Amino acid sequence: MGMRMSVIGTGYLGSTHAACMAELGHEVIGVDVDPHKIELLSRGETPFFEPGLDGLIRKHISSGRLHFTTSYQEAADFANVHFLGVGTPQQKNSYAADMTFVRSAVTNLVPLLRGRHIIFGKSTVPVGTARVLQQLTDRLVASQDADSSTTDAWETSVDIAWNPEFLREGHAVQDTIHPDRIVLGVENSPSEVEDVARKIYAQPLAEGTPLLVTDFATSELVKVSANAFLATKISFINAVSEVCEASGADITVLADAIGADERIGRKFLNAGLGFGGGCLPKDIRAFMARAGELGADQALTFLREVDAINLRRRERLVSMVKDACGGSLHDARVTVLGAAFKPESDDVRDSPALAVAGALSLAGAQVSVYDPQAMTNASKVFPTLMYADTVWDALHNADVVVVATEWTEFKQLDPSEARACVASPTIIDGRNCLDVDAWMQAGWSVRALGRSL
Ligand code: UDX
């Protein structure tokens, strides 16, 4: 049977969670302080690109199971279960996560709650946050009791639980409806909170998704350690990629060979420009910062190297373009295909593709960028680059072409047609995603990270 719930924060995480909870049969109200976002969502439009999400939001606005509001009061009156899906970006002057939005969501919501409520935190937070939020919540409830003359306030109790989200952008809907695990950190009223979670996630649990119930700290650490592991796996293969470049070996064959070992696995061994986006880079930095605060900084010093290897790939690609241009980028016409941090997304946060395009431009190249979805976001972050309307416009007269995001549109480009557009047929595959033989047969000189072609 469907439950009522609110989702606070309607960014990538919150709006996906809200729509997917409606799809699982619940009645959901999405809350955000940004009226523009709420207006868009209420019309069934997402403020970002995520395959399948617009359709799902429209479906459940029509079914009556999904609403959006800027009013915390509405959320407090509507439901007894609340999800917290606000952002925790990197702080401007440090590696630590910025907890302003999480704190403000709790401070806005809790004083409005009457009766029995549970807040499930989904945001990625430093370990120790859930306990601090429970203390903050307890203080807010106590001061509301003290202020209130009504008797119902005496009944108010609000428990925090932690329920980290593991969705990948580009696959967010699928990952939320069919997660590969559900983690629940509980400290107060554990069996009651678990019962509620079991009702919320009845469908995935019936499909066999495991539910791991644990303490706050473990649930918070699961999320950051999963992302730290993924980042480490990518940087591992990119470090080996550097050795491949130095020795004449081929990273793609090597990745297939080591990935065939079940203990290693082939996923997340794609060598290239490395990781970016709103999660992996900031999560490993926040993890290091938090470990330092806890006196366990030595434990995670290797993540500095993971970060450094990752950023080095961007520099390496810029120097490959420079070499391909005969040693100087000055006035070279370079086409960068891709601006999003990965395909099927319009997210340019810490995007390796955009970082490379920007660095090439700052080094004097004339850079023409094309991305199937991320042009608007990219032009906000880097307004000085040239943004082409189509891939063909972007290729026009290029001296060097760089594939920086592995969109299907780029993988399926016809090398012969592409050759007719450019000034010089040199392409650098920054994501090891092209059919190298086909491009070479069409007369292209192909270079790639981690391979000697
Ligand atoms: C990640 C986690 O996968 C997800 O579980 C978590 O909830 C949020 O962070 P996301 O940031 O959407 O998800 O992207 P992901 O698919 O993990 O890719 C991250 C980055 O790594 C991208 O820039 C991608 O291009 C890069 N990557 C991925 C590689 O360079 N090589 C690979 O083999 C895989």
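Our subject in this report is the structure included herewith. (Residues numbered from 1 in each chain as written. Predicted model: local features only at pLDDT ≥ 70, side-chain atom pairs only at ≥ 80, totals over all residues. Heavy atoms only, no water.)

## Re the overall build of the protein
Point 1. Each helix and strand in the protein was counted, giving 19 helices and 14 strands.
Point 2. Here the C-alpha atoms of the protein give a radius of gyration of 24 Å, agreeing with the 22 Å that 2.2 N^0.38 yields for 453 residues.
Point 3. Seen along its three principal axes, the alpha-carbon backbone of the protein occupies a region of about 80 × 50 × 40 Å.
Point 4. Here the protein holds 453 residues, and 53% of them are scored as buried.
Point 5. The contacts of the protein with a sequence gap of at least 6 include a subset with a gap of at least 24, amounting to 72%.
Point 6. Summing over all exposed atoms, the protein offers an accessible surface of approximately 19,200 Å²; the carbon and sulfur share of this is 53%.
Point 7. Taken as two groups, the 40 positive and 57 negative side-chain charges of the protein have centres that lie 3 Å from each other. (Helix = DSSP H or I, 4+ residues; strand = E, 2+ residues; numbered from the N terminus. Rg over C-alpha atoms; globule rule 2.2 N^0.38 Å. Buried < 20%, exposed > 50% of the residue type's maximum accessible area, 1.4 Å probe, protein only. Contact = heavy atoms within 4.5 Å. Areas by Shrake-Rupley, 256 points an atom, 1.4 Å probe, with all protein chains shown as cover. Lys, Arg positive; Asp, Glu negative; His and termini not counted. Charge placed at Lys NZ, Arg CZ, Asp CG, Glu CD.)

## What to know about the layout of surface pockets
Point 1. Roughly 150 Å³ of volume is contained in the second largest pocket.
Point 2. Every residue along the wall of the second largest pocket is listed here: M3, R4, F78, A79, N80, V81, R116, H117, I118, E192 and V196.
Point 3. Those elements giving two or more residues to the lining of the second largest pocket turn out to be β5 (116-121) and α8 (190-200).
Point 4. If one sorts the elements of the lining of the second largest pocket by residue count, β5 sits on top with three residues.
Point 5. Residue composition of the lining of the second largest pocket, by class: six nonpolar, two polar and three charged. (1 Å grid on protein atoms, 1.4 Å probe; cavity = no way out; pocket = protein on both sides within 12 Å on 5 of 7 lines; lining within 4 Å. Points joined across faces, edges and corners; volume = space filled by probe spheres on them. Nonpolar A, V, L, I, M, F, W, Y, C, P; charged D, E, K, R; others polar.)

## Observations concerning the nonpolar core
For soluble globular proteins, the rule of thumb is that nonpolar side chains tend to be buried together.
Point 1. In this structure, V336, L337, L360 and W444 are the most contacted members of the largest nonpolar core, which totals 51 residues.
Point 2. If one sorts the elements of this core by residue count, helix α14 (residues 352-362) sits on top with five residues.
Point 3. Beyond its immediate sequence surroundings of up to four residues, L337 is in contact with Y370, V391, A394, L395, V401, V402, V403, A404, T405, F410 and L413.
Point 4. Counting 36 residues, the second-largest nonpolar core is a separate cluster that includes M5, V173, A197 and L211. (Core = buried A, V, L, I, M, F, W, Y, C linked by side-chain atoms within 4.5 Å.)

## Observations regarding the packing of aromatic side chains
In this description, an aromatic ring pair is defined by two values, namely the gap between the centres and the angle between the planes.
Point 1. Taken as a whole and assessed by the stated rule, the structure comprises four aromatic pairs.
Point 2. Between Y12 and F48, the aromatic rings sit 4.3 Å apart at their centres with planes inclined by 35°, giving tilted as the arrangement. With Y12 in helix α1 (residues 12-23) and F48 in the loop between α2 (35-42) and α3 (53-62), this residue pair connects regions lying 36 residues apart in the sequence.
Point 3. Among the residues examined, Y12 registers a relative accessible area of 18% and is labelled buried. (Phe/Tyr/Trp six-rings, centres within 6.5 Å; stacked < 30°, edge-to-face > 60°.)

## What to know about the side chain of N227
Point 1. Considering the arrangement of structural elements, one finds N227 in helix α10 (residues 216-247).
Point 2. Beyond its immediate chain neighbours, meaning those up to four positions away, N227 contacts C279, L280, D283 and I284.

## Overview of the pattern of salt bridges
Point 1. Tallying each qualifying case throughout the model produces 28 salt bridges.
Point 2. The partner of R349 in a salt bridge is E169, with the nearest N and O atoms 3.2 Å apart. In this pair, R349 is assigned in the loop between β9 (333-337) and α14 and E169 in the loop between β6 (157-162) and α7 (172-177), connecting sequence segments 180 residues apart.
Point 3. Ionic pairing is found between E245 and R313, a salt bridge with its closest N-O pair at 2.9 Å. With E245 in helix α10 and R313 in helix α13 (residues 302-324), this pair connects stretches of sequence that are 68 residues apart.
Point 4. Judged by relative accessible area, R313 falls into the buried class, the value being 2%.
Point 5. Put simply, R285, D307, R314 and D350 are held in one network by salt bridges that share partners. (Salt bridge = Lys/Arg side-chain N within 4 Å of Asp/Glu carboxyl O.)

What is shown is where atoms sit, not what they do.
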